[in-house]
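So you can see what is in the structure, the chains are spelled out below.
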Amino acid sequence: MRRLTPYAFLSVPLLFLIVFTYIPVANMFWYSVTDWDGLSPTKEFVGPANYVEIFTRPELFGVLKVSLYYVAGSVVQILLALYFAAVLSFSTWFRNVYKGFIFFPYLINGVAIGMIFLFFFQPGGTLDSALGAVGLGGASQQWLGDPAVVNYSLAGTSVWRYLGLNFVLFLGAIQSIPPHLYEAAELDGAGRWAQFRWIILPGIRPVVGLSFILAISGSLSVFEIPFIMTGGANESETFVIQTVNMAFKYYKFGLASAMAVVLLVIILIVTWLQRRIAPEEKVTLS
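Residues numbered from 1 in each chain as written. Predicted model: local features only at pLDDT ≥ 70, side-chain atom pairs only at ≥ 80, totals over all residues. Heavy atoms only, no water.

Visitor: I'd like a description of the overall build of the protein chain, backed by residues and values.
Guide: Per the secondary structure count, the protein chain includes 14 helices and zero strands. Its helices and strands in sequence order give the protein chain the pattern α-α-α-α-α-α-α-α-α-α-α-α-α-α, from N to C terminus. Across its three principal axes, the protein chain shows a C-alpha extent of roughly 75 × 70 × 35 Å. For the protein chain, the proportion of its 286 residues judged to be buried stands at 37%. Excluding contacts between residues fewer than 6 apart, the proportion of contacts in the protein chain whose partners are at least 24 apart in sequence is 67%. In the form shown here, the protein chain has an accessible surface area of approximately 17000 Å², with 69% of it arising from carbon and sulfur atoms. Across the protein chain, the 16 positively charged side chains and the 15 negatively charged ones have centroids separated by 11 Å. (Helix = DSSP H or I, 4+ residues; strand = E, 2+ residues; numbered from the N terminus. Buried < 20%, exposed > 50% of the residue type's maximum accessible area, 1.4 Å probe, protein only. Contact = heavy atoms within 4.5 Å. Areas by Shrake-Rupley, 256 points an atom, 1.4 Å probe, with all protein chains shown as cover. Lys, Arg positive; Asp, Glu negative; His and termini not counted. Charge placed at Lys NZ, Arg CZ, Asp CG, Glu CD.)

Visitor: Go over a nonpolar patch on the surface with me, naming the residues and quoting the values.
Guide: A surface patch of nonpolar side chains, about 950 Å² in accessible area, is lined by Val12, Leu14, Leu15, Phe16, Leu17, Ile18, Val19, Phe20, Tyr22 and Ile23. Relative to the elements of secondary structure, Ile23 occurs in helix H1 (residues 5–31). The class of Ile23 is partly exposed, set by a relative accessible area of 41%. (Patch = residues over 30% accessible without salt bridge, like charges linked within 9 Å, V, L, I, M, F, W, Y side chains within 5 Å. Salt bridge = Lys/Arg side-chain N within 4 Å of Asp/Glu carboxyl O.)

Visitor: Break down the packing of helix H5 (residues 95–107) against helix H8 (residues 150–175) for me, citing the residues and quoting the values.
Guide: If you want to describe how two helices pack, look at the angle between their axes and the distance between the axes. Where H5 contacts H8, the axes come no closer than 6 Å and their chain directions differ by 125 degrees. Regarding the angle of H5 to H8, the classification is oblique. Here the hand of the crossing between H5 and H8 comes out left-handed. Each of Lys99, Ile102, Phe103, Pro105 and Tyr106 in H5 lies in contact with H8, whose residues at this interface are Trp160, Arg161, Tyr162, Leu163, Gly164, Leu165, Phe167, Val168, Leu171 and Gln175. Class assignment of the residues belonging to the contact of H5 with H8 gives a composition of 11 nonpolar, two polar and two charged. (Axes fitted to C-alpha atoms, helices over the stretch in contact; angles between N-to-C directions. Parallel < 35°, antiparallel > 145°, perpendicular 65-115°, else oblique. Left-handed = near helix turned anticlockwise from the far one by under 90°. Nonpolar A, V, L, I, M, F, W, Y, C, P; charged D, E, K, R; others polar.)

Visitor: Could you give an account of the packing of aromatic side chains, naming the residues involved and the relevant values?
Guide: Evaluated as defined, the whole model comprises 16 aromatic pairs. Arranged with centres 5.8 Å apart and planes meeting at 15 degrees, the rings of Phe16 and Phe20 form a pair that is stacked. On the criterion of helical spacing, the pair formed by Phe16 and Phe20 is a turn pair, its members being four residues apart in helix H1. The exposure class of Phe16 is partly exposed, given its relative accessible area of 48%. For Phe20, a relative accessible area of 58% gives the class exposed. Consider the rings of Trp30 and Phe45, whose centres lie 6.4 Å apart with planes at 15 degrees: the pair is stacked. (Phe/Tyr/Trp six-rings, centres within 6.5 Å; stacked < 30°, edge-to-face > 60°.)

Visitor: Report on helix H2 (residues 49–56), specifying residues and quantitative values.
Guide: Among the residues of H2, Asn50, Tyr51 and Ile54 are the ones counted as buried. Relative to the axis of H2, the buried residues are bounded by an arc of 100 degrees and lie together on one face. The secondary structure elements touched by the buried residues of H2 are H1, helix H3 (58–61) and helix H14 (253–277). (Arc of directions from axis to C-beta.)

Visitor: An account of unusual backbone geometry is needed here, citing residue identities and associated values.
Guide: Phi angles above zero are rare outside glycine, and Phe94 is one such case at about 55 degrees. Position of Phe94 relative to the elements: it lies in the loop between helix H4 (67–88) and H5. The exposure class of Phe94 is exposed, given its relative accessible area of 57%. The phi angle at Asn234 is positive, at roughly 60 degrees, despite the residue not being glycine.

Visitor: Describe the side chain of Asp128, listing the residues and the values that go with them.
Guide: Looking at where Asp128 falls in the secondary structure, it is placed in helix H7 (residues 126–133). Buried charge Asp128 goes without a salt bridge, the closest partner of opposite sign being Arg161 at 23 Å. Beyond its immediate chain neighbours, meaning those up to four positions away, Asp128 contacts Gln122, Pro123, Ser140, Gln141 and Trp143.

Visitor: Go over the nonpolar core with me, naming the residues and quoting the values.
Guide: Nonpolar side chains tend toward joint burial in soluble globular proteins. The biggest cluster of nonpolar side chains holds 24 residues, and the ones touching the most others in it are Phe167, Phe170, Ile177, Tyr182, Ile200 and Ile204. Counting only elements with at least two residues in this core, the list comes to H4, H8, helix H9 (179–187), helix H10 (192–203) and helix H11 (205–220). In contact with Tyr182, not counting residues within four places along its chain, are Phe90, Ile174, Ile177, Gln195, Ile199 and Ile200. (Core = buried A, V, L, I, M, F, W, Y, C linked by side-chain atoms within 4.5 Å.)

Visitor: Help me get a handle on the side chain of Thr157, residues and values and all.
Guide: If you trace the backbone, Thr157 turns up in helix H8. For Thr157, a relative accessible area of 0% corresponds to the buried category. Polar side-chain contacts of Thr157 include one of 3.0 Å to the backbone oxygen of Ser153. Excluding its chain neighbours within four sequence positions, the residues that come into contact with Thr157 are Ile113, Phe117, Phe121, Ile225 and Met229. (Polar contact = N/O pair within 3.5 Å; in protein donor to acceptor, adjacent residues only side chain to side chain.)

In structure tokens, the structure reads:
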């Protein structure tokens, strides 16, 4: 009986996982080969027609290029998080205050962040006022209205919001490194940069790899911030926004499901490639 106890505890979360994850995913695959409109009780099987439409209509698949802005932003975000985590892992004045400032944006609801930055980027708003105060008023422009600038603004907002998550992951990994390694490095005359290069970076390499995987998959499936701030206007529409519009605006659930399947496959392929290019290594620090 005691052997069955762990399985009894696992049965409930496993049931939730099956009901709320695996069954909906299976339904998504089924919907993707139908022409269901989301309302009709019948679903006509159309085979791969929805997938053919995705790859033959440039406006459907082409919006993935918007994700490149968020991929670039993710790289900047990880580098900043790594820098702050490394600096604040050492003795620094008010470092707990700085930790709170960096992590706090991640705790804010995404809708609230979208509304905050709507006022921040609006003409004559916070950003324009700040630029004018330092004599750079000529740099003001339509931050969310200009197609050449809007995706930089949205990606910057995303960097600000998710910086704290990577920061905490890196900080926790750095603090798990044995302290005597730093002491030995200092006795050998190693400075902060040498300690970062030869102790910190190798020690947290698995966490950095995980952060890159999460960042890339998140960049490909970004939705919340651009949907709230622009609704996909001015060439800021992402693949997920287009998928949602296809389902709930144009009532093409079959095509929207096929788009979701394509995005899932792309994320899996990118993750696999990342693992192949930078395989996970066991790190031993002693």
